[in-house]
2 protein chains.
Amino acid sequence: MTGEGEHAAFARRVALAVDAARLHARQLGLAAFGGVATGGVARQALTAEELAARRWLVADFAARPGYRVGIDAAANVHLRREGSAPDLAPVLTGSHADTQPLGGWLDGAFGIVAGLEVFEALDACGARTRRPIDVVMWTNEEGSRFAPGMMGSAAYAQPQQLAQFLPVADAQGITFGAARDAAVADLREAAGQGGWAWRDVPLGGAAHAYIEAHIEQGPVLEACGAQVGCVTAIQGVRWFRVTVEGRCAHAGTTPLAARDDAQAKAVRLAHALLAYAEQCGDERLRLTIGCWDCSPGSINTVADRVVFTVDMRHPEPAALDAVQALLDKALPAGARIERLQDKPTVRFDAQLVQLARQACAQLGLQGRDVISGAFHDAMPMAGFCPTAMLFAPSIGGISHHPDEDTRIDDLAACTRALAWCVAELAGPA
Amino acid sequence: MTGEGEHAAFARRVALAVDAARLHARQLGLAAFGGVATGGVARQALTAEELAARRWLVADFAARPGYRVGIDAAANVHLRREGSAPDLAPVLTGSHADTQPLGGWLDGAFGIVAGLEVFEALDACGARTRRPIDVVMWTNEEGSRFAPGMMGSAAYAQPQQLAQFLPVADAQGITFGAARDAAVADLREAAGQGGWAWRDVPLGGAAHAYIEAHIEQGPVLEACGAQVGCVTAIQGVRWFRVTVEGRCAHAGTTPLAARDDAQAKAVRLAHALLAYAEQCGDERLRLTIGCWDCSPGSINTVADRVVFTVDMRHPEPAALDAVQALLDKALPAGARIERLQDKPTVRFDAQLVQLARQACAQLGLQGRDVISGAFHDAMPMAGFCPTAMLFAPSIGGISHHPDEDTRIDDLAACTRALAWCVAELAGPA
């Protein structure tokens, strides 16, 4: 056991060994897997592109002494750097290597590359930690090939959830279970060929802490000039599908008073919601009407049916209750609401968040508390072990898009903070 | 030449020979062509179903003495009942046999069956008219297979328009020209087999008058208890496509103030238009937003593009100018408007409309002046020869739908008024 000061000095040494050029090179290397000539990355969960990317990511380390590769029953890849006390619960970091159908080069990918850079920094220092450290590549965070997202981290945190994920099929009818089996076989084969040290990884295996680096995917850090976001929570989100029914009628022959116009009713309802969001003055509220379908969809026919979605988010449930009450109140005749999702706000571990703030302070980085607007693998993990996240600023707040980007300096700063936290948590041997 | 009183008495005799049961039977017979087991009629322009229907419709008369069948270069079928003065311009009536992809049994069909019932009534009276009378089956009024609609009547009224219609292809790539050729060959073959008297019909052949019976397709006549609508005009219509551009963003991470939300901007604009239409208090105004597409159409992504359509109609251009001015004024940044169509109000021939009113008065029918909300073949014909229309009430105002219906008594009343007008215009021999 070592004292607090010794930990901090150790953490500082490791953090300063983070190398921006090495980080950048690995990040670019990863982007080549599924990289699209016209920009962006297409590397959906458990596709050939993702499997190849994951093999490439572990191959660099698997041959070094003190590293072990493993994969669990949700096809999460775990790359372990052994500690001096191998029976202690490991410190976990990582993120996901899968992308949206056409995504950017950093979403998820950065968290893995940052974790591997922590390994590089430890190796460069010749440092040994007391606890093992695992860089985890969670499976299917995006949920765009198999719905819902965060399957891998959810199954790790709650192994009983796996059974419901296995039969989920993608657009080609391939099940998550079949894709999982292929991914496990693929990594085992690579391990056999490479002579890698192997470790069987159970779902739900104990973890000392989980700390994930990620790009912000929003404009807040950039707007306030911060280098690192210390993420205190993931805001709550509720999804609704609103169906407004009316009656088809001829656009020329039917007086307005004689119509039951689904489009007009839906526009009025949507306008009430959006006007409220704009006028309520709460800048933490997010309200999005992302989908809107109307039928029959003919220029000269009054619509008989409009279906639109509402995505509402806020850290405080009462704020979402207020929007929902407005939705209920403004709902016109012939309309109904289905709740598709209701995820309460997840608050990260106070001590871990404090550690993240300390990392920034110790390393002279401009840190700032932020709330995550998006889901991350840290969301299910927060219910499993002490969890927190570190954000790097996103240029223009753009994400899920080929233009997604972050300054290399900012990626390195966030990685340095991550290295500090991981080294502090794992402790010197 | 006969005097006014003699014409009216002749017209009355013919009108009273209209037989509701015979009319109903032919209407039902026609509905079997393309009739769908679950309701409604699918008989799009120049399909096998429509060609068979048109052969069946003319076959009853083509073998009788004094009738001649013909088809013009737009595949409009003309069934002529000879007059005693064959060189005088004919009186034209009729409508279209094509339907929407799934339409009702009366739209268009009624105008043809009513015209043929006028022939039946004339035959039943043993009446001979001075002018020839043509029942015309116009091609592709609906425009749902080949766009735009009213091709047949437009080409008849303005033959130079035909050239631009011929290359128009349907969803299977079949051109209007090829479908036209097949339709002409089909009818010629039927005429040869049936030994029908044939007449070559030129586009643009002189017409004394055109009077078309049609269902109202709206609720006005039913609401006021009228049996027959004397149509004074077809209201003007303007079609617009509004494209609102924004910027994709993550629904969770992007504060409202940092968004350029195409959906929110489009909803605000559409709401302004609909609220104006509702509040302006002009019950003649029609405003319809029939299509609405948003992209990327993801529940948790702020939309970067919304495209919606506006169909606005009114008999007075100034009323449409006012709506258009509002649309221009409320147009948000990143939005643009394209005008897809601008058809000014078409006013029907005052003397013919007066004749229609007289028919109702003479026959003791509840007639009422109405404005047509929909397009009809009478629209292009109005620029070609004196033109008017007669409407039968639509139950519930429903049209372009399997539920489209009219009471048989009302169909018969409208047909009686048509017979009166046609006989009056053609005059006794």
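Everything numeric in this text was worked out from a predicted model, so none of it was measured.

Chemist: How should I be thinking about the interface of chain B and chain A in this particular structure?
Modeler: Often the size quoted for an interface is simply the accessible area lost on bringing the parts together. Counting from both sides, the interface comprises 48 residues of chain B and, opposite them, 47 residues of chain A. Regarding the contact of chain B and chain A, the summed buried area is about 4,100 Å², with carbon and sulfur atoms giving 63% of it. On the chain B side of the contact with chain A, Thr253, Trp292 and Ile299 of chain B bury the most area, a combined 16% of that side's loss. The interface formed by chain B and chain A contains two salt bridges. The residue Glu278 of chain B makes a salt bridge to Arg268 of chain A at a minimum N-O spacing of 3.0 Å. Scanning the region where chain B abuts chain A turns up 15 residue pairs in polar contact (both at pLDDT 80 or more). Of all the secondary-structure elements, those providing two or more residues to the side of chain B that touches chain A are α9 (262-279), β9 (286-288), β10 (292-295), β11 (301-302) and β12 (305-314) of chain B. Per-element accounting of the side of chain B that touches chain A gives the leading share, nine residues, to α9 of chain B. Along the lines of polarity and charge, the residues of the side of chain B that touches chain A split into 22 nonpolar, 18 polar and eight charged.

Chemist: Just to check I follow, could you spell out the packing of helix α4 (residues 109-125) of chain B against helix α13 (residues 408-426) of chain B for this structure?
Modeler: The angle between the axes and the distance between the axes are what describe a pair of packed helices. Residue and element names in this part refer to chain B. Between α4 and α13, whose axes approach to 9 Å, the crossing angle comes to 55°. One way to sum up the angle between α4 and α13 is to call them oblique. For the pair α4 and α13, the crossing hand works out as right-handed. Between α4 and α13, the contacting residues are Phe110, Ala114, Gly115, Glu117 and Val118 on the first element and Leu411, Cys414, Thr415, Leu418, Ala419 and Val422 on the second. Grouping the constituent residues of the contact of α4 with α13 by class yields eight nonpolar, two polar and one charged.

Chemist: Help me out: how do you make sense of the relation of the copies chain B and chain A in this one?
Modeler: The operation relating the two chain copies consists of a rotation about an axis and a shift along that axis. When chain B is fitted to chain A, the best match, at an RMSD of 0.1 Å, comes from turning it 180° and sliding it 0.1 Å along the axis. The superposition operator between the copies reduces to a two-fold rotation axis. Residue Val267 of chain B, judged by its C-alpha, is the member of chain B lying nearest the rotation axis, at 3.0 Å. Residue by residue, 98% of the interface of chain B is reproduced at the interface of chain A, so both copies engage with the same surface.

Chemist: What am I meant to see in the nonpolar core here?
Modeler: Nonpolar side chains in soluble globular proteins generally cluster together in the buried interior. Residues Phe110, Phe119, Phe348 and Trp420 of chain B are the most contacted members of the largest nonpolar core, which totals 116 residues. Sorting elements by how many residues they give to this core places α13 of chain B first, with 13 residues. Counting 115 residues, the second largest nonpolar core, distinct from the first, contains Phe10, Leu57, Val201 and Val228 of chain A.

Chemist: In this structure, what is going on with the pairing of strand β3 (residues 91-96) of chain A? I would like to understand it.
Modeler: Consecutive side chains along a regular strand alternate between the two faces of the sheet. Residue and element names in this part refer to chain A. With six of six residues buried, β3 lies mostly within the body of the structure. In β3, alternate side chains face the same way, and those of Val91, Thr93 and Ser95 on one face and Leu92, Gly94 and His96 on the other are all buried. Relative to strand β4 (residues 133-138), β3 is paired through six bridges, and the arrangement is parallel. Bridging across to β4, Ser95 finds its partner in Met137.

Rules behind the numbers
Residues numbered from 1 in each chain as written. Chains lettered and ligands numbered in written order. Predicted model: local features only at pLDDT ≥ 70, side-chain atom pairs only at ≥ 80, totals over all residues. Heavy atoms only, no water. Contact = heavy atoms within 4.5 Å. Buried area = accessible area lost by both parts, 1.4 Å probe. Salt bridge = Lys/Arg side-chain N within 4 Å of Asp/Glu carboxyl O. Polar contact = N/O pair within 3.5 Å; in protein donor to acceptor, adjacent residues only side chain to side chain. Helix = DSSP H or I, 4+ residues; strand = E, 2+ residues; numbered from the N terminus. Nonpolar A, V, L, I, M, F, W, Y, C, P; charged D, E, K, R; others polar. Axes fitted to C-alpha atoms, helices over the stretch in contact; angles between N-to-C directions. Parallel < 35°, antiparallel > 145°, perpendicular 65-115°, else oblique. Left-handed = near helix turned anticlockwise from the far one by under 90°. Least-squares fit on C-alpha atoms with pLDDT ≥ 70 in both. Core = buried A, V, L, I, M, F, W, Y, C linked by side-chain atoms within 4.5 Å. Buried < 20%, exposed > 50% of the residue type's maximum accessible area, 1.4 Å probe, protein only. Pairing = 2+ DSSP bridges.

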